[in-house]
Amino acid sequence: MQQVEKLELTQEWDKVFPKSEKVDHKKVTFVNNFGIALAADMYIPKDAKLAANGKFPAIAVSGPFGAIKEQSSGLYAQTMAERGFLTIAFDPSFTGESGGMPRRTASPDINTEDFLAAVDFLEAQENVDANRIGIIGICGWGGIGLNAAAADTRIKATTAVTMYDMTRVGGNGYFDSEDNEEARYKARQAIAAQRAKDYAEGKHLRAGGVVDPLPADAPQFVKDYFGYYKTPRGYHKRSGNSNDGWNAIGTQAYANARFLRYTNEIRSAVLVMHGEKAHSLYFGKDAYKYMVDGNPAAGIKANPVPSNKELLVIKDANHTDLYDGGENKNFIPWDKLEKFYTENLK
């Protein structure tokens, strides 16, 4: 698809992780089927053994929700490239260096399409084996990744890392604490009022990223977010989560949608990877159980290929420890990820 948006791409290395000498890196762009131009970093192994046909297996990476490719997704992409996979880490529509207006908004439809467009792009590369493409979705992009895998049979392996189901939290609140009609009605009233105000003022109110300064009584998971997004460990000037966040109405569509409905029909390999101490663990556990078992009480059948589905709970890890390995850098099981994609992209 022809690119009509002109993107301004930063060429110098401005990631929150060091550059590897084991891979080649370049900026690339591609266009999704909504006509939005997406910016990505491509990482190409220098010394990996190629398949017999001279082509690499490939992986597209995105997330966390509200983050950019210079943060966690870029680290995953670069590290997996060190291990023999051609990878891209991309900024979703409306964020980072990618196109789309208004900025800092989100759509379950468009964001799922972003992953499918990344597969389109990888499939077209001369040095990629089109039959060996996988994806990695981090945080909110873990749920989006599962939705993409349910939609696109070209995706042969998927990892959902420390995942959120953004449609569930959008409609039900954290820990399903607002899963009732009255709470949803009040939330819809507030968004409606904000939309009217935004229209009248001709601009969008930003909801704010991670709270700063950090209140003394902040929940532990908020402290965990602060420890990544607001410190040198993960701060980036283009990251919404590190700065002023989403538009206040920017994720409205997620509240009225529901992901994962057909994940019980995913036949390709899926690894759901979560931290034992993550506040979000219930998303990963519930997504895995439904993906494998379905919901017999509702007439939803179990998965026809359950043997290639796995739930990996990492001892002592919190939600953001799987963004970059945590303070000690040891929580991400890179050997496990390499084995998972080697075995399932063949």
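Worth saying up front: this structure is predicted, and the values here are computed from it rather than measured. (Residues numbered from 1 in each chain as written. Predicted model: local features only at pLDDT ≥ 70, side-chain atom pairs only at ≥ 80, totals over all residues. Heavy atoms only, no water.)

**Remarks on the sheet that holds strand S1 (residues 23-31)**
Reading across from one edge, S1-S2-S4-S3-S5-S6-S7-S8 is the order of the eight strands in this open sheet, with mixed pairing throughout. Of all the strands in the sheet, the pair left with one neighbour each is S1 and strand S8 (309-314). The sheet shows a mean angle of 20° between the axes of neighbouring strands, taken without regard to direction. Bridge count between strand S5 (residues 128-138) and strand S6 (residues 155-161): six bridges; the pairing is parallel. In the sheet register, Ile 135 faces S6, and the bridge partner there is Thr 158. Across the sheet, helix H8 (residues 281-293) lies against strand S7 (269-275) and S8, angled at about 160° from S8, the strand it touches most. Those strands touched by helix H10 (residues 334-344) are strand S3 (56-62), S5, S6, S7 and S8, and its axis lies near 160° from that of S6. (Pairing = 2+ DSSP bridges. Helix = DSSP H or I, 4+ residues; strand = E, 2+ residues; numbered from the N terminus. Axes fitted to C-alpha atoms, helices over the stretch in contact; angles between N-to-C directions. Contact = heavy atoms within 4.5 Å.)

**Some remarks on the side chain of Asn 247**
Relative to the elements of secondary structure, Asn 247 occurs in the loop between helix H6 (220-229) and helix H7 (252-255). Residue Asn 247 is classed as buried on the basis of its relative accessible area, which comes to 3%. There is a polar contact of 2.8 Å between the side chain of Asn 247 and the side chain of Arg 206. Not counting chain neighbours up to four residues away, the residues in contact with Asn 247 comprise Pro 102, Arg 103, Arg 104, Thr 105, His 204, Leu 205, Arg 206 and Ala 207. (Buried < 20%, exposed > 50% of the residue type's maximum accessible area, 1.4 Å probe, protein only. Polar contact = N/O pair within 3.5 Å; in protein donor to acceptor, adjacent residues only side chain to side chain.)

**Some words on the pairing of S6**
Within S6, six of the seven residues are buried, leaving the element largely enclosed by the surrounding structure. Once the chain exits S5 it traverses helix H3 (residues 140-151) before rejoining the sheet at S6, and the crossover so formed is right-handed. Note that S6 and S7 share five bridges and pair parallel. Bridging from a neighbouring strand, Thr 158 pairs with Val 270 of S7. (Right-handed = clockwise from strand over helix to strand, strands pointing away.)

**Observations regarding empty space enclosed by the protein**
In this structure the tally under the stated criterion is two cavities of 30 Å³ or more. Empty space within the largest cavity amounts to approximately 50 Å³. Gly 66, Ala 67, Ile 68, Thr 95, Gly 96, Arg 104, Arg 238, Gly 240, Asn 241, Gly 245 and Trp 246 together form the lining of the largest cavity. Class assignment for the residues of the lining of the largest cavity results in three nonpolar, six polar and two charged. One number sums up the size of the second largest cavity: a volume of about 50 Å³. Taken together, Phe 65, Gly 66, Ala 67, Pro 92, Ser 93, Thr 95, Thr 105, Ala 106, Asn 111, Trp 141 and Trp 246 make up the lining of the second largest cavity. (1 Å grid on protein atoms, 1.4 Å probe; cavity = no way out; pocket = protein on both sides within 12 Å on 5 of 7 lines; lining within 4 Å. Points joined across faces, edges and corners; volume = space filled by probe spheres on them. Nonpolar A, V, L, I, M, F, W, Y, C, P; charged D, E, K, R; others polar.)

**Comments concerning the side chain of Ser 242**
Note on placement: Ser 242 falls in the loop between H6 and H7. At 3.5 Å, the side chain of Ser 242 and the backbone nitrogen of His 236 are in polar contact. Not counting the four nearest positions on each side in its chain, Ser 242 is found in contact with Gln 71, Tyr 229, Lys 230, Gly 234, Tyr 235 and His 236.

**Concerning the packing of helix H2 (residues 108-123) against H3**
How two helices sit against one another is set out by the angle between their axes and by the gap between those axes. The contact between H2 and H3 brings their axes to 9 Å, and the two run at 65°. Between H2 and H3, the angle is such that the two are roughly perpendicular. Crossing handedness for the pair H2 and H3: right-handed. In this structure, H2 contributes Asn 111, Thr 112, Asp 114, Phe 115 and Leu 116 to the contact, and H3 contributes Trp 141, Ile 144, Gly 145, Asn 147 and Ala 148. Considering only residue class, the contact of H2 with H3 consists of five nonpolar, four polar and one charged. (Parallel < 35°, antiparallel > 145°, perpendicular 65-115°, else oblique. Left-handed = near helix turned anticlockwise from the far one by under 90°.)

**Concerning the nonpolar core**
By size, the foremost hydrophobic cluster in this structure holds 89 residues, and its most contacted members are Tyr 76 and Tyr 341. In terms of residue count, H2 provides more of this core than any other element does, eight residues in total. Once residues lying within four places of it in the same chain are set aside, the contact partners of Tyr 341 are Ile 59, Met 80, Phe 85, Gly 134, Ile 135, Ile 136, Ala 157, Thr 158 and Thr 159. (Core = buried A, V, L, I, M, F, W, Y, C linked by side-chain atoms within 4.5 Å.)

**With respect to the packing of aromatic side chains**
One pair of aromatic rings is described through two measures. These are the centre distance and the angle between the planes. The final tally for this structure, using the stated rule, is 25 aromatic pairs. Seen in terms of ring centroids, Phe 30 and Phe 90 are 6.2 Å apart; in terms of plane orientation they differ by 75°. Their pairing is edge-to-face. Taken together, the positions of Phe 30 in strand S1 and Phe 90 in strand S4 (residues 86-90) put the pair 60 residues apart, joining distant regions of the chain. Relative accessible area serves as the criterion here: at 1%, Phe 90 is assigned to the buried category. An aromatic cluster of at least three residues, connected via ring pairs, comprises Tyr 164, Tyr 174, Phe 175, Phe 221, Tyr 225, Tyr 228, Tyr 229, Tyr 282, Phe 283 and Tyr 323. Between the NZ or CZ atom of Lys 15 and the centre of the ring of Trp 13, over which it lies, the distance is 5.3 Å. (Phe/Tyr/Trp six-rings, centres within 6.5 Å; stacked < 30°, edge-to-face > 60°. Lys NZ or Arg CZ within 6 Å of the ring centre and 35° of its normal.)

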